[in-house]
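Chain residues, written in single-letter form:
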Amino acid sequence: MVGKEVEQTDERGHDLGPWWAGIGTWGAVALIAVGGLAAAWVFFRLPGTPEESATGYHRAAKIVAIGLVIVGSALLGRRRARVAGVEGTTEAEGA
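This structure is a prediction, so every number in the text was calculated from the model and none was measured.

Conventions and cut-offs
- Residues numbered from 1 in each chain as written.
- Predicted model: local features only at pLDDT ≥ 70, side-chain atom pairs only at ≥ 80, totals over all residues.
- Heavy atoms only, no water.
- Patch = residues over 30% accessible without salt bridge, like charges linked within 9 Å, V, L, I, M, F, W, Y side chains within 5 Å.
- Areas by Shrake-Rupley, 256 points an atom, 1.4 Å probe, with all protein chains shown as cover.
- Salt bridge = Lys/Arg side-chain N within 4 Å of Asp/Glu carboxyl O.
- Helix = DSSP H or I, 4+ residues; strand = E, 2+ residues; numbered from the N terminus.
- pLDDT = per-residue confidence, 0-100.
- Expected span 1.5 Å × (residues − 1).
- Buried < 20%, exposed > 50% of the residue type's maximum accessible area, 1.4 Å probe, protein only.
- Arc of directions from axis to C-beta.
- Contact = heavy atoms within 4.5 Å.

Draft legend 1. Region of the structure containing a nonpolar patch on the surface. Taken together, the side chains of Trp41, Phe43, Phe44, Leu46 and Tyr57 define a hydrophobic patch exposed on the protein surface, amounting to about 550 Å² of accessible area. In this structure, Trp41 sits in helix α2 (residues 24-43).

Set out below in structure tokens:
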């Protein structure tokens, strides 16, 4: 009967999502800008550039791609919310 008295939660001390999950739209725009700067850094072969330039471009492209996916998802979500709001008002007016 002791087990009934103990409250069990499934909380963990860390988040299980990816590191980019909560950065938001402006964070995604910043990721795109940082990826562009990283690509320019590799292009001009500034200090810290990898020996193989394809590696640097690949890393920059990954950063830009993550930013683009987040921005696209945010824009689609905003558009869906707007369309749902417009449909809700037209149905309310028609009733």
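Draft legend 2. Layout of the confidence of the model for the protein chain. Averaged over all residues, the pLDDT of the protein chain equals 84, while 78% of them reach at least 70. Element-level mean pLDDT values for the protein chain span from 60 in helix α1 (residues 2-5) up to 95 in α2.

Draft legend 3. Here's a closer look at α2. The terminal C-alpha atoms of α2 lie 29 Å apart, and with 20 residues this matches the ideal 28 Å at 1.5 Å per residue to within 8%. All of the buried residues in α2 are Ala28, Leu31, Gly35 and Val42. Taken down its axis, α2 places every buried residue within 50° of arc, on the same side. Facing away from the buried side of α2 by over 90 degrees, the exposed positions are Trp26, Leu37 and Phe43. Looking one or two residues past α2, Arg45 carries a phi angle of roughly 50°, positive in sign.

Draft legend 4. The arrangement of unusual backbone geometry in detail. For Arg45, which is not glycine, the phi dihedral falls at a positive 50°. Structurally, the position occupied by Arg45 is in the loop between α2 and α3 (53-94).

Draft legend 5. Fine view of the environment of Arg45. Along the primary structure Arg45 and Gly56 are separated by eleven residues, whereas in three dimensions their C-alpha atoms are 9.9 Å apart. Setting aside residues up to four positions removed in sequence, Arg45 forms contacts with Pro50, Glu51 and Ser53.

Draft legend 6. Geometry of the side chain of Thr49. Tracing the sequence through the fold places Thr49 in the loop between α2 and α3. Apart from residues lying up to four places away in sequence, Thr49 is in contact with Trp41 and Val42.

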